[in-house]
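# Architecture at a glance
Residues per chain are reported as follows:
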Amino acid sequence: MIIGVGIDVAEIDRFAASLERTPALLERLFVEEELFLPSGERRGPASLAVRFAAKEALAKALGAPGNLHWTDAEVYAEPTGRPRIRVRGTVAARAAELGVRHWHVSLSHDAGVASAVVIAEG
């Protein structure tokens, strides 16, 4: 059963400018593992913007409660490259409250825009 669906877009250049103006945003928005590719290379602005869009979409799928912490949701990739979401803390608590058992996520970035769709399934 579908419990919630969220979608979000982020303008990549605008997101990158926000990170340049406020470098502390990286620590507020992402866990350490999200900042690097599997090769160990630092992620670029498009990759970070799409992860931010996924976290926004996830919050919308959960009804957008105001008490979620950004770092309680982690966007990662399986070895095949398939994007996944791992939750803990405030996000896991809200998901459990709603009966979420599975997450589905789709990420894309093109033409200067990052987009993400998240489906919460019970």
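Only a predicted model underlies this, so the values are computations on that prediction, with no experimental measurement involved.

What counts, and where the lines are drawn
Residues numbered from 1 in each chain as written. Predicted model: local features only at pLDDT ≥ 70, side-chain atom pairs only at ≥ 80, totals over all residues. Heavy atoms only, no water. Axes fitted to C-alpha atoms, helices over the stretch in contact; angles between N-to-C directions. Helix = DSSP H or I, 4+ residues; strand = E, 2+ residues; numbered from the N terminus. Parallel < 35°, antiparallel > 145°, perpendicular 65-115°, else oblique. Contact = heavy atoms within 4.5 Å. Nonpolar A, V, L, I, M, F, W, Y, C, P; charged D, E, K, R; others polar. Polar contact = N/O pair within 3.5 Å; in protein donor to acceptor, adjacent residues only side chain to side chain. Buried < 20%, exposed > 50% of the residue type's maximum accessible area, 1.4 Å probe, protein only. Arc of directions from axis to C-beta.

Relative to each other, helix α1 (residues 12-21) and helix α3 (residues 45-61) sit at 95 degrees, their axes nearing to 9 Å. Between α1 and α3, the crossing angle belongs to the class labelled roughly perpendicular. On α3, the residues that touch Ile12, Phe15, Ala16 and Leu19 of α1 are Pro45, Ala46, Leu48, Ala49 and Phe52. A class-by-class count of the residues in the contact of α1 with α3 yields nine nonpolar, no polar and no charged.

Turning our eyes to something else, we now look at the environment of threonine 80. Within the secondary structure layout, threonine 80 lies in the loop between β2 (73-77) and β3 (83-87). Polar side-chain contacts of threonine 80 include one of 3.4 Å to the backbone nitrogen of arginine 82.

Another aspect to go through is α1. If you check which residues of α1 are buried, you get Ile12, Phe15, Ala16, Ser18 and Leu19. The arc enclosing the buried residues of α1, seen along the axis, measures out at 155 degrees, which places them on a common side. More than 90 degrees from the buried face of α1, the exposed residues found are Asp13, Arg14, Glu20 and Arg21.

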